[in-house]
Amino acid sequence: MYSRVYVEITNICNMNCSFCHGHSREPGRMSHSEFSHILDKLSGQTEYIYYHLMGEPLTHPELPDFLRTAAQKGFKSIITTNGTLLKKRGAEIISAGIHKINISVHSFEGTDDSDFERYMTEIAEFADYASKSGVIVVFRLWNRGYDGGRNDKILEFLQNRIDGEWTENSRGLRIRNKFFLEWGERFGWPDKSAPVQGDTVFCYGLRDHFGILCDGTVVPCCLDSDGTIALGNIFNEDIDDILSSPRAKDMVKGFDCRKATEELCRRCAYAQRFV
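Parameters at a glance
- Residues numbered from 1 in each chain as written.
- Predicted model: local features only at pLDDT ≥ 70, side-chain atom pairs only at ≥ 80, totals over all residues.
- Heavy atoms only, no water.
- Salt bridge = Lys/Arg side-chain N within 4 Å of Asp/Glu carboxyl O.
- Helix = DSSP H or I, 4+ residues; strand = E, 2+ residues; numbered from the N terminus.
- Buried < 20%, exposed > 50% of the residue type's maximum accessible area, 1.4 Å probe, protein only.
- Contact = heavy atoms within 4.5 Å.
- Polar contact = N/O pair within 3.5 Å; in protein donor to acceptor, adjacent residues only side chain to side chain.
- Pairing = 2+ DSSP bridges.
- 1 Å grid on protein atoms, 1.4 Å probe; cavity = no way out; pocket = protein on both sides within 12 Å on 5 of 7 lines; lining within 4 Å.
- Points joined across faces, edges and corners; volume = space filled by probe spheres on them.

J.: What's the story with the pattern of salt bridges in this structure? I'm lost.
T.: When the charged atoms of two side chains lie near each other, side chains of opposite charge can form a pair. On inspection of all chains with the given rule, the structure shows 15 salt bridges. When the shortest N-O distance is used, the salt bridge between Arg68 and Asp65 registers 2.8 Å. Here Arg68 pairs with Asp65, and both are found in helix 2 (residues 63–72), just three residues apart, close to one helical turn. The class for Asp65 is partly exposed, based on a relative accessible area of 33%. In this structure, Glu263 and Arg267 form a salt bridge, with 2.9 Å as the shortest nitrogen-oxygen distance. Glu263 gets classed as partly exposed once you look at its relative accessible area, which sits at 38%. For Arg267, a relative accessible area of 18% puts it in the buried group. A single network of salt bridges, built from pairs that share partners, joins Asp128, Lys132 and Arg176.

What follows is the structure in structure tokens.
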């Protein structure tokens, strides 16, 4: 069983963040019937559904219905969001049964102070309420070396607004029960035009996770934003057949030997952290 599967319900985003690779695909949204069909095919594959590869999940108008359907089918839903729509849609996704929300606080790099303070106030209020309602909330600051000194201001702002323990753990800070802040290094996305990172490569793609783009294309990892390594399509193929295809099996065997069978993987800076 996989630890998680990334199901991209939309590749449309309401922001253009500096750290995001973006994609060249046609804008699209998954329908509720398509999502339900995918969940049926994922039965026994995982317990946790993540709602993105590209795109902002909260831009999808049917998101609460997706969450309720996932819960009914026995899955736990995790959303990663830029947080800009939480003031508008936060209450409805909590009531729909969201399990965990990751908020990429570094989405607002480069904005002016007034916009940023308003944004921080909104996500702090949401996170305080959501965590007290039993939802796991994680503030992400995956931008070390690129924050321009703003991370310290973010931390001070949050500590002044949110009561908690604020104790260190292995990934960042435990604010209180079900409420955390994570630090992380900014990374380079895989791209066909990116430089080759070296001969030694390892990745957990197809080992503990895989992804499904909004058109049903199955990809080996959460960073294949353009579907470069298209293993099959879940709408017209069995997922077991896709994951056991020669191409997929060759990728896993290659990583066992610290080798990449796909050119895109040789150009993935993120994978280098696992070597």
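J.: Teacher, can you tell me more about the environment of Asn14 here?
T.: With respect to the secondary-structure elements, Asn14 resides in the loop between strand 1 (4–7) and helix 1 (32–41). Overall, the relative accessible area of 38% leaves Asn14 in the partly exposed class. Along the chain, Asn14 and Thr84 lie 70 residues apart, while their C-alpha atoms are 8.6 Å from each other. Once you skip the residues sitting within four places of it in the chain, Asn14 turns out to touch Glu56, Thr59, Asn82, Thr84 and Leu85. Of note is the side chain of Asn14, whose polar atom sits 2.8 Å from the side chain of Thr84.

J.: It is not clear to me how the sheet that holds strand 3 (residues 76–81) should be interpreted in this structure. Could you clarify?
T.: Pairing between the strands of a sheet is mediated by backbone hydrogen bonds and can be parallel or antiparallel. Spatially, 6-7-8-5-4-3-2-1-9-10-11 is the arrangement adopted by the 11 strands of the open sheet, whose pairing is mixed. A single partner strand is all that each edge strand has here, and the edge strands are strand 6 (167–168) and strand 11 (232–233). Here four bridges tie strand 1 to strand 9 (residues 209–212), and the two strands are oriented parallel to one another. The residue of strand 9 that forms the bridge with Tyr6 is Gly211.

J.: What am I meant to see in the pairing of strand 4 (residues 100–104) here?
T.: For a regular strand, side chains alternate in direction, first toward one face of the sheet and then toward the other. Most of strand 4 sits inside the fold, with five of its five residues counted as buried. Burial of strand 4 is two-sided: the residues Lys100, Asn102 and Ser104 facing one way and the residues Ile101 and Ile103 facing the other way are all buried. By the bridge criterion, four bridges tie strand 3 to strand 4 in an arrangement that is parallel. Counted as the bridge partner of Ile78 is Lys100 from strand 4. As paired strands, strand 4 and strand 5 (residues 136–144) are joined by five bridges and run parallel to one another. Within the sheet, the bridge partner assigned to Asn102 lies in strand 5 and is Val138.

J.: In this structure, what is going on with the layout of surface pockets? I would like to understand it.
T.: It is the rolling of a water-molecule-sized probe over the atoms that shows where space remains empty. One number sums up the size of the largest pocket: a volume of about 1300 Å³. Along the walls of the largest pocket sit 50 residues, with His52, Thr80, Arg140, Trp142 and Phe187 positioned nearest its centre. Those elements that provide at least two residues to the lining of the largest pocket are strand 1, strand 3, strand 4, strand 5 and strand 8 (179–185). Here the element with the most residues in the lining of the largest pocket is strand 8; it accounts for four residues.

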